[in-house]
Amino acid sequence: MSEPALVVERLSKTYANGFTALEDVSLTIETGEIFALLGPNGAGKTTLISTVCGLSQASEGNAKIFGIDTVAQYKQARTLVGLVPQELTTDAFETVWNTVSFSRALFGLPPNPAHIENILKRLTLWEKRNSPLMALSGGMKRRVMIAKALSHEPKILFLDEPSAGVDVSLRRDMWTMVSDLKQQGVTIILTTHYIEEAEELADRVGIINGGKILLVNTKRELMEQLGQKHLVVTLANPIATLPESLSAIGATLNNAGDQVQLSYETKDTGRLGELMEMLAQTQLKVADIQTEQSSLEDIFLSIVGESA
Ligand SMILES: Nc1ncnc2c1ncn2[C@@H]1O[C@H](COP(=O)(O)OP(=O)(O)O)[C@@H](O)[C@H]1O
Ligand SMILES: [Mg+2]
């Protein structure tokens, strides 16, 4: 196993006004993964990213990027990191090309026009390279922020709410770009309160609320372990009452008498078979079967709801 891209150990952050925005956060991000930090507004996502990237000071705990301490070896750690902040901060009069090139120079790296050209093309900014930022749309400005973050070829990229206030087409482009970067070996940590985004992109998901990490799991396991399945069997001929054998396993009949329904936890894989067996014994004729899987959104809401 290679060294983790990021190790956060018992990180806490209390702001000057006494508000504790992060409480004892520990997290390990493996090299090459896409990790989505999911949480409602005010959960502490931006605070966590700012602290890990060294923009904000931790009150307790530490973070290491590829084994490099983000405080003691700040400069070295910073060269490995690309950060796309939640708020757009862009120099209005400068051109796209210069903004992105200067950003690379700030890291003390020699110019690499081919690299800058490549980034701008991938982000559909090439045509706009000579435009001043003030002439760009909000979506284009966000692309510039991403280009800046990639200018020094970081090994780990933090995207703080990349989809906030972004139109559908940019969101799609951004998702494609994130997948491409993963292919190139870049580790990606994104924060989002759009569950859809985590569902689409993430290998693993961490749920944060009230400054605490509530759980971390692979997206798949999260959906399997915590998800619910809802099964609807449509009968060829309506019935007046559900046979005893079916109600005994928790199935119910709809009012019209033509649908047998069963809800169960996704991990109870035996339940479907059980129902089918019982149905076969009743000799009821089945016209159709449908299953519904609860979404990551349902799961997220139930977890965050419980913690509130
Ligand atoms: N500079 C600050 N001083 C005091 N409280 C802050 C400061 N920045 C953020 N907070 C508070 O910390 C909490 C977490 O904020 P933030 O990390 O921005 O959450 P998120 O990014 O998940 O929406 C919020 O309650 C916010 O009001
Ligand atoms: Mg935020």
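Residues numbered from 1 in each chain as written. Chains lettered and ligands numbered in written order. Predicted model: local features only at pLDDT ≥ 70, side-chain atom pairs only at ≥ 80, totals over all residues. Heavy atoms only, no water.

Enquirer: Help me understand the site of ligand 1, please; the structure alone is not making it clear to me.
Expert: Near ligand 1, the surroundings consist of Tyr 15, Asn 17, Phe 19, Ala 21, Pro 40, Asn 41, Gly 42, Ala 43, Gly 44, Lys 45, Thr 46 and Thr 47. Lys 45 places a side-chain nitrogen or oxygen 2.9 Å from an oxygen atom of ligand 1. Here an oxygen atom of ligand 1 and a side-chain polar atom of Thr 46 are 2.8 Å apart. Protein coverage of the free-state accessible area of ligand 1, which is 560 Å², stands at 64%. In terms of residue count, helix 1 (residues 45–52) provides more of the shell around ligand 1 than any other element does, 3 residues in total. By residue class, the composition of the shell around ligand 1 is 5 nonpolar, 6 polar and 1 charged. (Near = heavy atom within 4 Å. Polar contact = N/O pair within 3.5 Å; in protein donor to acceptor, adjacent residues only side chain to side chain. Areas by Shrake-Rupley, 256 points an atom, 1.4 Å probe, with all protein chains shown as cover. Helix = DSSP H or I, 4+ residues; strand = E, 2+ residues; numbered from the N terminus. Nonpolar A, V, L, I, M, F, W, Y, C, P; charged D, E, K, R; others polar.)

Enquirer: Got a minute to help me understand the environment of Leu 253 in this structure?
Expert: In this structure, Leu 253 sits in strand 12 (residues 252–253). Look at Leu 253 and you get partly exposed, because its relative accessible area is 23%. For the pair Leu 253 and Arg 104, spaced 149 residues apart in sequence, the C-alpha separation works out to 65 Å. Once residues within four sequence positions are removed from consideration, Leu 253 is found in contact with Ile 239, Ala 240, Thr 241, Leu 242, Gln 259 and Val 260. (Buried < 20%, exposed > 50% of the residue type's maximum accessible area, 1.4 Å probe, protein only. Contact = heavy atoms within 4.5 Å.)

Enquirer: Please explain the packing of helix 3 (residues 96–106) against helix 5 (residues 138–150) as it appears in this structure.
Expert: Helix packing for two helices is described by the angle between their axes and how far apart those axes are. The N-to-C vectors of helix 3 and helix 5 enclose an angle of 30 degrees; their axes lie 8 Å apart at closest approach. The pairing of helix 3 with helix 5 is recorded here as roughly parallel in orientation. Two packed elements cross with a definite hand, and for helix 3 against helix 5 that hand is right-handed. Along the contact surface, helix 3 presents Val 96, Thr 99, Val 100 and Ser 103, while helix 5 presents Val 144, Ala 147 and Lys 148. (Axes fitted to C-alpha atoms, helices over the stretch in contact; angles between N-to-C directions. Parallel < 35°, antiparallel > 145°, perpendicular 65-115°, else oblique. Left-handed = near helix turned anticlockwise from the far one by under 90°.)

Enquirer: Would you mind going over helix 5 with me for this structure?
Expert: Three- or four-residue spacings in an α-helix give side chains the same orientation, since the helix completes a turn every 3.6 residues. If you check helix 5, its first and last C-alpha atoms are 19 Å apart, about what 13 residues at 1.5 Å a residue would give, namely 18 Å. Among all positions of helix 5, only Met 140, Arg 142, Arg 143, Val 144, Met 145, Ile 146, Ala 147, Ala 149 and Leu 150 are buried. Summarising the contacts, the buried residues of helix 5 are in contact with strand 6 (81–84), helix 3, helix 4 (113–122), strand 7 (156–160) and helix 6 (168–183). (Expected span 1.5 Å × (residues − 1).)

Enquirer: Honestly, the side chain of Arg 204 in this entry has me stumped. Any pointers?
Expert: With respect to the helices and strands, Arg 204 occurs in strand 9 (residues 204–209). Overall, the relative accessible area of 18% leaves Arg 204 in the buried class.

Enquirer: Mind showing me how you'd approach a negative patch on the surface here?
Expert: Together, Glu 196, Glu 199, Glu 297 and Asp 298 line one region of the surface with negative charge. Elements supplying a minimum of two residues to the negative patch: helix 7 (195–201) and helix 11 (296–307). Relative to the helices and strands, Glu 196 resides in helix 7. (Patch = residues over 30% accessible without salt bridge, like charges linked within 9 Å, V, L, I, M, F, W, Y side chains within 5 Å. Salt bridge = Lys/Arg side-chain N within 4 Å of Asp/Glu carboxyl O. Lys, Arg positive; Asp, Glu negative; His and termini not counted. Charge placed at Lys NZ, Arg CZ, Asp CG, Glu CD.)

Enquirer: What am I meant to see in the coordination of the magnesium ion (ligand 2) here?
Expert: Any two of four tetrahedral donors ideally make an angle of 109.5 degrees at the metal, while pairs among six octahedral donors ideally make 90 or 180 degrees. Only Thr 46 (OG1) and Gln 86 (OE1) from the protein coordinate the magnesium ion (ligand 2), and they sit 2.0 to 2.2 Å from it. Residue Thr 46 is located in helix 1, and its partner Gln 86 is located in the loop between strand 6 and helix 3; the two are separated by 40 residues in the primary sequence. (Donors = N, O, S within 2.8 Å, 3.2 Å for Na, K, Ca; no water.)

Enquirer: Got a minute to help me understand the domain arrangement of the protein in this structure?
Expert: Where interface size is quoted, it is often the accessible area lost as the parts come together. For the protein, the assigned domains are domain 1 (6–223) and domain 2 (227–294). For domain 1 and domain 2, the distance between their C-alpha centres works out to 46 Å. (Domains from an automatic or database assignment.)

Enquirer: Can you help me understand the pairing of strand 9 in this one?
Expert: Across a regular strand the side chains alternate sides, sitting on one face of the sheet and then on the other. Of all 6 residues in strand 9, 6 are buried, a share of seventy percent or more. Judged by which residues are buried, strand 9 turns out to be covered on both faces: Arg 204, Gly 206 and Ile 208 on one side and Val 205, Ile 207 and Asn 209 on the other are all buried. One ladder, built from 4 bridges, connects strand 3 (residues 34–38) with strand 9; its direction is parallel. Residue pairing across strands places Phe 35 opposite Arg 204, the latter belonging to strand 9. Of the strand pairs in this sheet, strand 9 and strand 10 (residues 212–218) are connected by 6 bridges, and their pairing is antiparallel. From the neighbouring strand, Val 205 faces strand 10, where its bridge partner is Asn 217. (Pairing = 2+ DSSP bridges.)

Enquirer: Help me understand empty space enclosed by the protein in this model?
Expert: Empty space among the atoms becomes apparent when a probe as large as a water molecule is rolled across them. Taken as a whole and assessed by the stated rule, the structure comprises 2 cavities of 30 Å³ or more. Reported here for the largest cavity is a volume of approximately 60 Å³. Contributing to the lining of the largest cavity are Leu 6, Leu 27, Leu 37, Leu 48, Ile 49, Val 52, Phe 158 and Ile 189. Ranked by residue count, the leading element in the lining of the largest cavity is helix 1, at 3 residues. In the lining of the largest cavity, the residues fall into 8 nonpolar, no polar and no charged. Here the second largest cavity defines a volume of roughly 40 Å³. Contributing to the lining of the second largest cavity are Arg 122, Leu 123, Thr 124, Arg 143, Leu 170, Asp 173, Met 174 and Met 177. For the lining of the second largest cavity, the leading source of residues is helix 6, giving 4 residues. (1 Å grid on protein atoms, 1.4 Å probe; cavity = no way out; pocket = protein on both sides within 12 Å on 5 of 7 lines; lining within 4 Å. Points joined across faces, edges and corners; volume = space filled by probe spheres on them.)

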